[in-house]
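Coordinate analysis (summary)
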Amino acid sequence: MKKFLSIILAAMVMTAAGCSKDTDDAAATTTTAAQGDAAADNSADSDDSAADADVETTSVLTEETTAFIETLKANAPIYADYMYESGQVPVRNGFTYSADLYGTGTPSEVVMEVYMTSLDKIAVKTSTDGVASDIIMKDNTYYIVSAAEKTAITMALSEEEAAEMADSMASSMTPAFDAATATYETGTEEYNGTEYLFEKINTAEAGQIIVYADKDTKEIKYLVSGGIAMEMTFFDHNVDESVYEVPADYTITDMSALLADVEGDAAAE
């Protein structure tokens, strides 16, 4: 069970490019990004930003990450703001990217939205080449949801497993590089036909991280890490509780019942 929970966690965990990507013995890279304080400044006239200003947030950042952000601010303030805001819950962010996920040489188009209200209440909505799949974690239960099949597989966690999941979530948000020893470049640069502010962070531990941000608002538009360029589609603190709900017309199956059926079939053979 521990390894399976680690795989689920790896799919759900909100890790910025500068955070740890280790989840026990399961490895995954789910990179998300936020736009930071400046994004709200730029969108003050929008309904979302107006609502965002009224949202009460709680920090889930560890002391280690908070200290990391303080060090980062001097050299990469846009990235530091994004790191800070992504650790204030509730938070939601979305991005798109292309990557050869299956090693076939053909890139897949991925759209991902991540919602987090607390370390144990998270939803990840993913569309890969148009095929949607959601993972929801709430009330010590996780759900694997298929929109195409209108089904959801669910499994309840014991209190010990839920606590382990929350602890892993917290530890996964710790920095993956030393901000004090990294080197930095800043300025303006054209990317995808538009001139942006950029912050390039060169690290021994995590390679190069590049942030491209709007010149006027400092809102992050792209984050490049590990050879993957992610286009940021939204970031704010307006999390609608409906993202944690499985639609009423979906068939919900308990995973423990499925496992029992499989074991029964195997024994019969």
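Let me sum up the structure you'll find in this document. (Residues numbered from 1 in each chain as written. Predicted model: local features only at pLDDT ≥ 70, side-chain atom pairs only at ≥ 80, totals over all residues. Heavy atoms only, no water.)

1. What to know about the overall build of the chain
Test applied: Labels follow the DSSP assignment, with helices taken as runs of H or I lasting at least four residues and strands as runs of E lasting at least two, numbered in each case from the N terminus. Summary of the burial criterion: residues with accessible area below 20% of their type's maximum are buried, those above 50% are exposed, and those between are partly exposed, where the area comes from a 1.4 Å probe applied to protein chains only. The contact definition used throughout considers only heavy atoms, calling two residues in contact when any of these lie within 4.5 Å. Accessible surface is estimated by sampling points in the Shrake-Rupley manner with a 1.4 Å probe; for residues, cover comes only from the protein chains shown.
Looking only at helices and strands, the chain features seven helices and 16 strands. Taking all 269 residues of the chain together, 46% fall into the buried category. In the chain, once contacts between residues fewer than 6 apart in sequence are set aside, the share between residues at least 24 apart is 56%. Looking at the chain as shown, the accessible area adds up to about 13,100 Å², and 48% of this sits on carbon and sulfur atoms.

2. As for the pattern of salt bridges
Selection criterion: We define a salt bridge as a contact between a side-chain nitrogen of Lys or Arg and a carboxyl oxygen of Asp or Glu at a distance within 4 Å.
Tallied over the entire structure, the rule returns nine salt bridges. The partner of Lys150 in a salt bridge is Asp249, with the nearest N and O atoms 3.3 Å apart. Placement of the pair is Lys150 in the loop between strand E9 (141–146) and strand E10 (151–156) and Asp249 in the loop between strand E15 (228–236) and strand E16 (251–254), with a sequence separation of 99 residues. On the accessibility criterion, Lys150 (42% relative accessible area) is partly exposed.

3. Thoughts on the pairing of strand E7 (residues 121–128)
Which entries qualify depends on this criterion: One bridge is not enough; two strands pair if DSSP finds at least two bridges between them.
As judged from the eight bridges shared by strand E6 (residues 108–118) and E7, these two strands associate in the antiparallel manner. Residue pairing in the sheet places Tyr115 in a bridge with Ala123 of E7. Taking the residues between adjacent antiparallel strands as the criterion, E6 and E7 are bridged by two residues. Pairing geometry for E7 and strand E8 (residues 131–138), over seven bridges, is antiparallel. When the sheet's bridge partners are listed, Thr126 is paired in E8 with Ser133. Linking E7 to E8, which pair antiparallel, is a turn of two residues; within it Asp129 sits at a positive phi near 50°.

4. Quick look at the packing of aromatic side chains
For clarity, the threshold we go by: Working definition: a ring pair exists when centres of Phe, Tyr or Trp rings (six-membered ring for Trp) sit within 6.5 Å. Plane angles under 30 degrees give stacked, over 60 give edge-to-face, the rest tilted.
Counted according to the given criterion, the structure contains seven aromatic pairs. Ring geometry for Tyr79 and Tyr82: centres 5.0 Å apart, planes at 55°, overall tilted. Of this pair, Tyr79 and Tyr82 both sit in helix H5 (residues 77–86), separated by three residues, roughly a single helical turn. Using a relative accessible area of 0% as the deciding quantity, one classes Tyr79 as buried. Judged by centre distance (4.3 Å) and plane angle (15°), the rings of Tyr191 and Tyr212 are stacked. Taken together, the residues Tyr191 in strand E11 (residues 183–191) and Tyr212 in strand E13 (residues 207–213) connect sequence positions 21 residues apart. Chaining the aromatic ring pairs together yields one cluster made of Tyr191, Tyr196, Tyr212 and Tyr222.

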